[in-house]
Structures are given as C-alpha cells and as structure tokens.
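Each chain, letter by letter, is given below.
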Amino acid sequence: MEIRFDGRVAIVTGAGNGLGRAHALALASRGAKVVVNDLGGSGNGAGRSSAVAEAVADEILRAGGEAIADGADISDEGQVRDMVATAMAHWGRVDILVNNAGITRDKSFGKMDMADFRKVLDVHLVGTTLCTQAVWNVMREQGYGRIVLTSSTSGLYGAFAQAAYASAKAGMLGLMNVLHIEGAKHGIRVNLLAPWAATRLTAGLLPQEALDLMGPDTVTPGVLYLVSENAPARVILSAGSGCFARIRLLESDAVFFPPEGRTPEMIAARFDEISSAAGQREVTDTFDQNSYLVRKAAAGLGIASPL
Ligand code: NAD
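Remember, predicted model here, so these are calculated numbers, not experimental data. (Residues numbered from 1 in each chain as written. Predicted model: local features only at pLDDT ≥ 70, side-chain atom pairs only at ≥ 80, totals over all residues. Heavy atoms only, no water.)

Enquirer: What should I look at first to understand the site of the ligand in this one?
Expert: In the vicinity of the ligand lie 30 residues, with D38, N100, Y165, T199 and R200 positioned nearest. In the environment of the ligand, a nitrogen atom lies 2.9 Å from a nitrogen or oxygen atom belonging to the side chain of D73. R200 places a side-chain nitrogen or oxygen 2.7 Å from an oxygen atom of the ligand. Counting atoms within 2 Å of the grid points, the majority share of the ligand lands in the largest pocket. The set of elements that each furnish at least two residues to the shell around the ligand consists of α1 (18-29), α4 (114-142), α6 (163-183) and β6 (188-196). (Near = heavy atom within 4 Å. Polar contact = N/O pair within 3.5 Å; in protein donor to acceptor, adjacent residues only side chain to side chain. 1 Å grid on protein atoms, 1.4 Å probe; cavity = no way out; pocket = protein on both sides within 12 Å on 5 of 7 lines; lining within 4 Å. Sits in = over half its atoms within 2 Å of the grid points. Helix = DSSP H or I, 4+ residues; strand = E, 2+ residues; numbered from the N terminus.)

See below:
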C-alpha cells in the first residue's frame, strides 16, 4: 500500500541541505505539510542565514505542496518553542518530527577543544532533545506521533576524530530507548536513523565514484517508513547508498558465578564463554535485563527467583 502523509504535519530540522532537504521534499511530495527548519550555518555551525530553509520551502510550494520555512537554532529553547508554536498556529498539530540538523567539528581526542565538544553535544543531543520535548505533549494529546532521531554509525561503532560527535550520536540511543518506553502508550513511535550519504559533511572523504552512489535520496525512503502510520518503534535503521539494515544491541547469555568462584581470575578464565554469541538476545528495557540476571542467579543458587 502506498505510504502517504495527507493531513499530517511534519517538522524536519536542518532541512535546508543534504539529508534533511531530501526528507522534507519527499514528505511534502507524499502529502505532508512541512516545517522546513534550518539555521543556515556552515558545516561546523558557524554563521546563519534564512536562505536555505526558504529555498526548500519555496521548492515545495512550487511543486504544489505546503511548507513553512523556519530559521530556528535547534539548540535554543525559545526558538524551538516558537517553531512548534508556528506549526500549531498554521496547521493545529504536529504528527512527525525528523530530528536531522547537525554539525561536525572533528579533532583527534588529544587535540580536541572542550568548547567544540560542548557545542557538538549542544546541537545534536540537546537540540534533538529540545525539539522532541517541544512536540512531546502535542503528540501525547493527539495520541499520535512519529519521531526520528538521526544518530550515526560513528556513535554506534566509532570513527576517528569524532569523540564529540560520536558521544552526541550515541546519546540519542539512550534518548530513543526512554522515549519509546514513555511514548508507546500515547501512540508515539520513536526510531533511530544511522545514515550515510554524500553531503557537504562527507564531501572529500571518499572518491567521487563512491559519493555518486550515496545521494541523500538513497536514505530518505527509510526515514519515510520510520515516520509512517505503520512505522515500527525502537528500531535502529542503518541506511546508505540504497542499502537498509537493522542494527541491534544484543546481550550474551549471562554466565552465573557462585560466590566461592567469583574472582577476576574466574572471569578471565571464562571470558570466551561470557562473550559467546550463542544464546544472545535483545533486551526490551533495563528491568527486563535486571530481572533476567536475578532469575539466572536464583537458578544458579538453586533457590526460587524473587522476580
Ligand atoms: P548538512 O550539513 O548537509 O545538513 C545539516 C543541516 O543542519 C544544515 O543545513 C545546517 O544548516 C543545519 N543545522 C546545523 N545546525 C543547526 C542548528 N543548530 N539549528 C538548525 N539547523 C542546523 O549535513 P547532512 O550530512 O545532511 O547531515 C544531516 C544529519 O545526518 C546530521 O545530524 C548528521 O550528523 C547526520 N549524519 C550524516 C551522515 C552523512 O553521511 N552525511 C552520516 C551520519 C549522520
């Protein structure tokens, strides 16, 4: 069945360039009314201009869609609140939030400036949190919301010179897990995107032949699925070059050590067994994991499990 967004209102942050622009255009082409947010700075967050957001909003309007340009800095609470208020004043609801805006300030860890670290966390993690919190109660009251947090394989797997960026992007995993737990009963589904695309942030990092395969539009169909009516929830979707994969966090089957054998030497001796992929599983939340350990310990001790 065709996925459509007629009657839905979407906010896409950082939609003046790159991935956000592709997401905004695609949402609008399938019927969504779109707030095209972009501060319009450089790739490292310097400067400001309303031109890029306006250009994308104009493109949507010229194609017969509905859009509003918005120049809010997503790391500024007041500006974010105003952005959501504008969407509400025009269209009366917010159904979709694609947190996409971001910057890079790469430096190897020893040379990293803490001011850059704070700035990168402020834009990515705090900015994403501010935008999400500003729409949260609107979505709760509607009983409907679809939120994507744009993370990165850098945060999930690591990348040279990206301590700040990776920390911010990994923080989004924790945010998604909690928002999923708190939002599910209100019809809010939250997912994490780990994209890879040729944009100004990746210009020059790869040969042109590789960049030619990875335009932003090769990622966008995954985002549209994640914000659709029948979207999954608490999914980490890796997307790039037209390839889509699901990333999972798995915990190996816990090995119980009885009190008399609970030494660092015993851990060392059985570390292969502790690390074994056999029996590994996906955990649903922290209580699920903690109670599993208690049950395992009780079984190891031959007593009834208190949980
Ligand atoms: P981009 O620079 O082309 O687009 C990012 C946009 O965000 C820019 O238009 C910028 O002006 C805007 N922006 C930056 N700070 C802002 C702020 N404070 N408020 C509002 N807007 C702001 O970059 P892109 O590659 O399209 O990146 C989009 C997202 O995808 C980012 O979060 C990035 O970290 C993430 N990402 C990209 C890649 C990739 O391969 N390109 C990989 C992993 C993650």
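Enquirer: Any chance you could explain the environment of E59 here in plain terms?
Expert: Relative to the helices and strands, E59 is located in helix α2 (residues 51-62). The exposure class of E59 is partly exposed, given its relative accessible area of 27%. Distance from E59 to D113, taken between C-alpha atoms, is 39 Å for residues 54 residues apart in sequence. The residues contacting E59, other than those within four sequence positions of it, are R21 and L25. (Buried < 20%, exposed > 50% of the residue type's maximum accessible area, 1.4 Å probe, protein only. Contact = heavy atoms within 4.5 Å.)

Enquirer: Help me out: how do you make sense of the nonpolar core in this one?
Expert: For soluble globular proteins, nonpolar side chains are generally found buried alongside one another. Counting residues in each nonpolar core, the largest one holds 40 residues, and the members touching the most others are I11, I147, L149 and V190. Listing elements by their share of this core, those giving two or more residues are β1 (9-12), α3 (77-91), α4, β5 (145-150), α6 and β6. Take this core: its biggest share by element is 9 residues, from α4. Once you skip the residues sitting within four places of it in the chain, V190 turns out to touch W136, I147, L149, M176, L179, H180, A233, R234 and V235. (Core = buried A, V, L, I, M, F, W, Y, C linked by side-chain atoms within 4.5 Å.)

Enquirer: Before we go on, may I ask you to explain the packing of α1 against α2 in this structure?
Expert: Running from amino to carboxyl end, α1 crosses α2 at an angle of 20°, the nearest separation of the two axes being 10 Å. In terms of orientation, α1 and α2 fall into the roughly parallel class. The interaxial crossing formed by α1 with α2 has right-handed handedness. Along the contact surface, α1 presents R21, A24, L25 and A28, while α2 presents V56, E59 and I60. Per-class residue counts for the contact of α1 with α2 are 5 nonpolar, no polar and 2 charged. (Axes fitted to C-alpha atoms, helices over the stretch in contact; angles between N-to-C directions. Parallel < 35°, antiparallel > 145°, perpendicular 65-115°, else oblique. Left-handed = near helix turned anticlockwise from the far one by under 90°. Nonpolar A, V, L, I, M, F, W, Y, C, P; charged D, E, K, R; others polar.)

Enquirer: Any chance you could explain the sheet that holds strand β8 (residues 243-247) here in plain terms?
Expert: Remark on secondary structure: sheet strands pair via backbone hydrogen bonds, oriented parallel or antiparallel. Taken together, 8 strands build an open sheet; the order of strands is β3-β2-β1-β4-β5-β6-β7-β8 and the sheet is mixed. Where the open sheet ends on each side, the last strands, each with one partner, are β3 (66-70) and β8. On average, adjacent strands in this sheet sit at an angle of 20° to one another, irrespective of strand direction. Note that strand β7 (residues 236-240) and β8 share 5 bridges and pair antiparallel. Directly across from A239, in β8, lies its bridge partner F244. (Pairing = 2+ DSSP bridges.)

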